Amino acid sequence: MKYIICSLLLILGVSSEVLSQGKSLNLKNQRITIKAEKIHFGTVLGYLKEVYDIPIGFEQSVIDRKTVGWRFSVNSPGISYYPLENVDGVIKFPVNSRFEPPLQPITLDAENERLEDVLNQIIKQITNYKWKINDGVVNIYPIKGRDDRFEKLLNLKIKNFTFEKGDPIWKITTNIKSLPEFSTFTAENNLRFNGARSGPEGAVQKMYDRKLNESMNFSNLTFRDLLNKITKIKRGAWILKWRFLSTKTGEEFIDIDI
C-alpha cells in the first residue's frame, strides 16, 4: 500500500507539473500583432494586457525609481499614461507632445508572432529586465538594480489569503495589507504601504470598484504566487514599485498596484 500511495503522489506531482508547463506553453504561443515606433515600455505592456488579455506581473528596478516610462494601468480601462498617435496602424509617440519621450524607446514590428518572440524583442530593448512565465502570468523582473527587499518580499511565505465573492477589486489591497506576514516584513524592513490610489476619481473608480464574481482562498504559497493567482482571477496585471522616501522619518514607501 505504501508503494501505491508513493506512486500516486509521484503521478499527481508530474501531472501538475505537466499541466503548469502546458499553460505556460499555450501563453508563449499566443499570437500577437503589434506595430510600434519609439514608444514607452509601459505602453507596450499595457497594450498586451488590454488588447490580448495577457496577465502581467511587473517588479520595478531601483534604476527606474525616478522614471515613469514603465507605467501602465493594472486594470481596465486604458493602456497608456501617455498620448499616442496611430499612423497607418503603427503606434507612435507624438513628436510635439508636452510629455517626455521614452528614455529607452521600444520599436516593434510583429505580425501574428508568438508572444514569446514579442517579449524577447521587447527585452532586448529594455536591458534592465528579463521575463518568465509563472503560473500562467508573464512576470517581468529586474536583472539590474534589483532591490533585495523586493526579491525577499516576493519570496515571502504566506499562510493564508481570502477574498469574498462580490467584493470590489480595491478590497484585494486591503486584504494584502492585513496579512500578518506582510505586516511583519514591512515593519522589519522599514517599509510602508498604504495602498492609496491617485488620479481622476472617475477613472480610479472604474479601475478598482469592479466587483469580482469569484472568491479566493489560497494557502501556503509565496507572495509572488499569490499576486499571480489573484491576477489570473481578476485579470490585468500587478506592479510592485516604489512610491517615495520620507525625508523626515527615513521610511520608504512602496506600492503594490493590483
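The notes below deal with the structure included here. Keep in mind it's a predicted model, so treat the numbers as computed, not measured.

**Comments concerning the overall build of the chain**
Part 1: Looking only at helices and strands, the chain features eight helices and 12 strands.
Part 2: When each of the 258 residues of the chain is scored for burial, the buried share is 44%.
Part 3: Counted over contacts in the chain with a minimum sequence separation of 6, partners at least 24 positions apart contribute 69%.
Part 4: For the chain, the computed accessible surface area is about 13900 Å², with 52% contributed by carbon and sulfur atoms.

**Looking at the environment of I32**
Part 1: Relative to the elements of secondary structure, I32 occurs in strand 1 (residues 31-39).
Part 2: Residues I32 and V51, 19 residues apart in the sequence, show an inter-C-alpha distance of 9.4 Å.
Part 3: Other than its neighbours up to four places away in sequence, I32 contacts L48, Y52, I54, A110, E111, N112, E113, L115 and V118.

**A few points about the layout of surface pockets**
Part 1: Size it by volume and the largest pocket reaches roughly 560 Å³.
Part 2: Secondary structure elements with two or more residues in the lining of the largest pocket: helix 7 (201-208), strand 11 (237-245) and strand 12 (252-257).
Part 3: The residue inventory of the lining of the largest pocket, partitioned by class, reads 14 nonpolar, seven polar and seven charged.
Part 4: Taken as a whole, the second largest pocket spans an internal volume of roughly 300 Å³.
Part 5: As for the second largest pocket, its lining consists of 18 residues, of which H40, T67, V68, G69 and L103 are closest to the centre.

**Comments concerning helix 5 (residues 170-177)**
Part 1: When helix 5 is considered as a whole, its buried residues turn out to be I172, T173, N175 and I176. Along helix 5, the residues classed as buried sweep out an arc of 165° about the axis, all on the same side.
Part 2: If you follow the buried residues of helix 5, they end up packed against strand 8 (157-163), helix 6 (180-188), strand 10 (216-222), helix 8 (223-234) and strand 12.

**Brief notes about the environment of V118**
Part 1: Residue placement: V118 occurs in helix 3 (residues 115-125).
Part 2: For V118, a relative accessible area of 0% corresponds to the buried category.
Part 3: Along the chain, V118 and K28 lie 90 residues apart, while their C-alpha atoms are 9.5 Å from each other.
Part 4: Setting aside chain neighbours within four positions, we find V118 in contact with I32, I34, L108, A110 and E113.

**Quick word on the nonpolar core**
Part 1: Within the largest apolar cluster, 65 residues are counted, with the highest numbers of intra-cluster contacts made by F161, I172 and F223.
Part 2: Those residues within four positions of F161 in sequence are excluded, and the remaining contacts are I172, N175, I176, L179, M216, N217, F218, L226 and I230.

**Digging into helix 8**
Part 1: Compared with the 16 Å implied by 1.5 Å per residue over 12 residues, the 16 Å span of helix 8 between its first and last C-alpha is a close match.
Part 2: Listing the buried residues of helix 8 in full gives F223, R224, L226, L227, N228, I230, T231 and K234.
Part 3: Once helix 8 finishes, R235 follows within two positions and takes phi at roughly 70°, a positive value.

**Digging into the packing of aromatic side chains**
Part 1: Across all of its chains, the model carries eight aromatic pairs by this definition.
Part 2: Considering the side-chain rings of F41 and Y129, the 5.8 Å spacing of their centres and the 40° angle between planes classify their relative orientation as tilted. On the criterion of sequence distance, the pair formed by F41 in helix 2 (residues 41-52) and Y129 in strand 6 (residues 129-134) is long-range, its members being 88 residues apart.
Part 3: Note on F41: relative accessible area 5%, which makes it buried.

**Thoughts on unusual backbone geometry**
Part 1: The phi dihedral of D88 falls on the positive side, at around 55°, and the residue is not glycine.
Part 2: For D88, the location among the structural elements is in the loop between strand 3 (85-87) and strand 4 (90-92).
Part 3: Backbone geometry at N220 places phi at a positive 50°, although glycine is not the residue there.
Part 4: Within the element layout of this structure, N220 appears in strand 10.
Part 5: Classification of N220 as exposed rests on a relative accessible area of 66%.

Criteria and cut-off values
- Residues numbered from 1 in each chain as written.
- Predicted model: local features only at pLDDT ≥ 70, side-chain atom pairs only at ≥ 80, totals over all residues.
- Heavy atoms only, no water.
- Helix = DSSP H or I, 4+ residues; strand = E, 2+ residues; numbered from the N terminus.
- Buried < 20%, exposed > 50% of the residue type's maximum accessible area, 1.4 Å probe, protein only.
- Contact = heavy atoms within 4.5 Å.
- Areas by Shrake-Rupley, 256 points an atom, 1.4 Å probe, with all protein chains shown as cover.
- 1 Å grid on protein atoms, 1.4 Å probe; cavity = no way out; pocket = protein on both sides within 12 Å on 5 of 7 lines; lining within 4 Å.
- Points joined across faces, edges and corners; volume = space filled by probe spheres on them.
- Nonpolar A, V, L, I, M, F, W, Y, C, P; charged D, E, K, R; others polar.
- Arc of directions from axis to C-beta.
- Core = buried A, V, L, I, M, F, W, Y, C linked by side-chain atoms within 4.5 Å.
- Expected span 1.5 Å × (residues − 1).
- Phe/Tyr/Trp six-rings, centres within 6.5 Å; stacked < 30°, edge-to-face > 60°.

None of this, on its own, says anything about what the molecule does.
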